[in-house]
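If you want the building blocks of each chain, they are given just below.
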Amino acid sequence: MTVTAGAETGPGPSRRQRRATRLSRWDIRFSPYAYIAPFFLLFAAFGLFPILYTLYASLFRWRLLDTGHQYVGLRNYRLLFVDDRFWNAMYNTVGMFVVATIPQLLVAMWIANLLNRRLRARTALRMGVLLPNITSVAAVGIVFGLLFADRYGLINWLLSSAHLPIVEWRLHHWSGWAAISTMVDWRWTGYNALIYLAAMQAIPRDLFESAALDGASRWRQFWQITVPMIRPTILFTVIISTIGGMQLFTEPFLFAYGQSRGGAGNEFQTISMYIYQTTFERNFDVGLGSAMSWLLFLVILILAMVNFLLVRRSVKGEAR
């Protein structure tokens, strides 16, 4: 008996099956975009729009108390380049960033290396180093402001007890930077230590065991194995610390007892404090404050790009 071709094939898929197949195909294609859409919507509303609106405002002579706005082009930017207070604020910002970041990351790496060992109550210690970071920054600022008080502060009491001259912390660049950097380091060192600890735990233990068999000390293992292996993480923390350090506001603001001038002679006024003072306190100049915000944004972007290139170069060097 001859069987014709296609006689054993069943009927085609029904309309319901075709619809289900189409929906499944759409789900695979468009679901990832739907899942990440809320982030981009929130970023567009609270991130991208303020950035673009600030750029628009920086091109106008715009005061909060005035009803009209006058287009002035790049005049606000030209004013900033000859503004001594702007460069003083930028100098203070960069200085405090350097003074705070380098000790912070070094101490964080040392703490992470200790927590990476077999210690008793390791979980409690790892949770403990994060406590300063979850403490209210307002509380931190108030407490450290009292610790570094000129007359009755604990630090000056310790100095006088050791027969050393007391320091007027809010009257000098170096003293204000040191006090604020101490506050920043106390709050963020544990956070960076946990990031380093996570990177260290991803290093294969065989490398350390082999180095120990070859007679390498812990110090040598740290510098020749741990540090090179976590180099991308180190540069990541440098980028994050750069962004946070250049936007420093709350700590110096509270250290100055809520005054945006940052000391009697602007000794520790950061660029964020100067933006706040210019826009909302002194001149209510939205245009000039927006121009400063954009210059600060460009400085942070340049520094982040430099660190990104360093990360990229480091990864390529390790791959070779």
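The structure presented is a predicted model; accordingly, all values stated were derived computationally and were not measured.

*Asks:* How do you make sense of the overall build of the protein when you look at a structure like this?
*Replies:* Broken down by element type, the protein carries 14 helices and two strands. Taking 320 residues into account, the globule formula puts the C-alpha radius of gyration at 20 Å, and the protein, at 28 Å, lies well above it. Reported as C-alpha extents along the three principal axes, the dimensions of the protein are approximately 115 × 75 × 40 Å. Sorting the 320 residues of the protein into buried and exposed places 38% on the buried side. Considering only intrachain contacts with a sequence separation of at least 6, the fraction spanning at least 24 residues in the protein is 66%. When the 30 basic and 16 acidic side-chain charges of the protein are each reduced to a single mean position, those positions are 10 Å apart.

*Asks:* Can you help me understand the environment of Pro-50 in this one?
*Replies:* With respect to the element layout, Pro-50 can be found in helix H1 (residues 15-57). A relative accessible area of 31% places Pro-50 in the partly exposed class. Taking the C-alpha atoms as reference points, Pro-50 and Tyr-276, 226 residues apart in sequence, are found 16 Å from one another.

*Asks:* Is there a simple way to explain a positive patch on the surface in this structure?
*Replies:* On the surface, Arg-15, Arg-16, Arg-18, Arg-19, Arg-22, Arg-25 and Arg-29 cluster together to form a positively charged patch. With respect to the helices, strands and loops of the structure, Arg-18 is situated in helix H1.

*Asks:* Can you walk me through the nonpolar core in this structure?
*Replies:* The nonpolar side chains of soluble globular proteins are, as a tendency, buried together. Grouped together as the largest cluster of nonpolar side chains are 21 residues, with contacts concentrated most on Met-109, Tyr-196, Met-200, Ile-230 and Ile-234. Those elements giving two or more residues to this core turn out to be helix H3 (84-115), helix H8 (173-201), helix H9 (205-213) and helix H10 (218-229). Here the element with the most residues in this core is H3; it accounts for six residues. Val-140, Trp-169, Trp-177 and Phe-268 belong to the second-largest nonpolar core, a separate cluster that totals 17 residues.

*Asks:* Please explain the packing of helix H6 (residues 137-147) against H8 as it appears in this structure.
*Replies:* The description of two packed helices rests on the angle between their axes and on the distance between the axes. Direction vectors running N to C along H6 and H8 enclose 140°, while the axes themselves pass 11 Å from each other. Taken together, the axes of H6 and H8 lie oblique to each other. In this structure, the crossing between H6 and H8 has a hand that is right-handed. Taken together, the residues of H8 that come into contact with H6 (itself represented by Val-137, Val-140, Gly-141 and Phe-144) are Thr-182, Met-183, Trp-186 and Arg-187. Here the contact of H6 with H8 is composed, by residue class, of five nonpolar, two polar and one charged.

*Asks:* Quick question: what am I supposed to make of the side chain of Asp-185 here?
*Replies:* Residue position: Asp-185 is located in helix H8. In this structure the side chain of Asp-185 is engaged in a polar contact, spanning 3.4 Å, whose partner is the side chain of Gln-104.

*Asks:* I keep staring at the pattern of salt bridges and nothing clicks. Help me out?
*Replies:* Pairing is possible between side chains of opposite charge, provided their charged atoms come close. Under the counting rule described, the total for this entry stands at two salt bridges. Between Asp-285 and Arg-63 there is a salt bridge; the shortest N-O distance is 3.9 Å. Highlighted residues: Asp-285 in the loop between helix H13 (271-282) and helix H14 (286-319) and Arg-63 in the loop between strand S1 (60-61) and strand S2 (70-71), separated in sequence by 222 residues.

*Asks:* I'm lost on the environment of Ile-111 in this one. Help?
*Replies:* Within the secondary structure, Ile-111 sits in helix H3. When the C-alpha positions of Ile-111 and Trp-169 are compared, they lie 28 Å apart, and in sequence the two are 58 residues distant.

*Asks:* Could you clarify how one ought to interpret the confidence of the model for the protein in this entry?
*Replies:* If pLDDT is low for a region, its predicted coordinates should not be looked at in detail. Chain-level statistics for the protein give a pLDDT mean of 84 and a share of 93% at 70 or above. When mean pLDDT is taken per element in the protein, helix H2 (residues 75-81) scores highest with 92 and helix H4 (residues 122-128) scores lowest with 77. Ignoring residues within four places in sequence, the model shows residues 1-8, a span with pLDDT below 50, making zero contacts including any to other chains.

*Asks:* How should a nonpolar patch on the surface be read in this particular structure?
*Replies:* On the surface, a cluster of nonpolar side chains totalling about 1,200 Å² of accessible area is made up of Leu-23, Trp-26, Phe-30, Tyr-33, Tyr-35, Ile-36, Phe-39, Phe-40, Phe-43, Leu-48 and Leu-52. Along the chain, Phe-30 turns up in helix H1. Given a relative accessible area of 46%, Phe-30 falls into the partly exposed group.

*Asks:* What should I look at first to understand the packing of aromatic side chains in this one?
*Replies:* The way to describe two aromatic rings as a pair is by their centre distance and the angle between their planes. Scanning the model with the defined rule gives 26 aromatic pairs in all. Residues Tyr-56 and Phe-60 carry aromatic rings whose centres are separated by 4.7 Å and whose planes lie at 50° to one another, so their mutual orientation is tilted. Between Phe-249 and Phe-253, the ring centres sit 5.1 Å apart and the planes meet at 15°, which makes this aromatic pair stacked. On the basis of relative accessible area, Phe-249 is assigned to the partly exposed category, the value being 24%. Residue class for Phe-253 comes out buried when judged on its relative accessible area of 17%. Put simply, the rings of Phe-49, Tyr-53, Tyr-56, Phe-60, Trp-62 and Tyr-71 pair up and form one aromatic cluster.

About the cut-offs
- Residues numbered from 1 in each chain as written.
- Predicted model: local features only at pLDDT ≥ 70, side-chain atom pairs only at ≥ 80, totals over all residues.
- Heavy atoms only, no water.
- Helix = DSSP H or I, 4+ residues; strand = E, 2+ residues; numbered from the N terminus.
- Rg over C-alpha atoms; globule rule 2.2 N^0.38 Å.
- Buried < 20%, exposed > 50% of the residue type's maximum accessible area, 1.4 Å probe, protein only.
- Contact = heavy atoms within 4.5 Å.
- Lys, Arg positive; Asp, Glu negative; His and termini not counted.
- Charge placed at Lys NZ, Arg CZ, Asp CG, Glu CD.
- Patch = residues over 30% accessible without salt bridge, like charges linked within 9 Å, V, L, I, M, F, W, Y side chains within 5 Å.
- Areas by Shrake-Rupley, 256 points an atom, 1.4 Å probe, with all protein chains shown as cover.
- Salt bridge = Lys/Arg side-chain N within 4 Å of Asp/Glu carboxyl O.
- Core = buried A, V, L, I, M, F, W, Y, C linked by side-chain atoms within 4.5 Å.
- Axes fitted to C-alpha atoms, helices over the stretch in contact; angles between N-to-C directions.
- Parallel < 35°, antiparallel > 145°, perpendicular 65-115°, else oblique.
- Left-handed = near helix turned anticlockwise from the far one by under 90°.
- Nonpolar A, V, L, I, M, F, W, Y, C, P; charged D, E, K, R; others polar.
- Polar contact = N/O pair within 3.5 Å; in protein donor to acceptor, adjacent residues only side chain to side chain.
- pLDDT = per-residue confidence, 0-100.
- Phe/Tyr/Trp six-rings, centres within 6.5 Å; stacked < 30°, edge-to-face > 60°.

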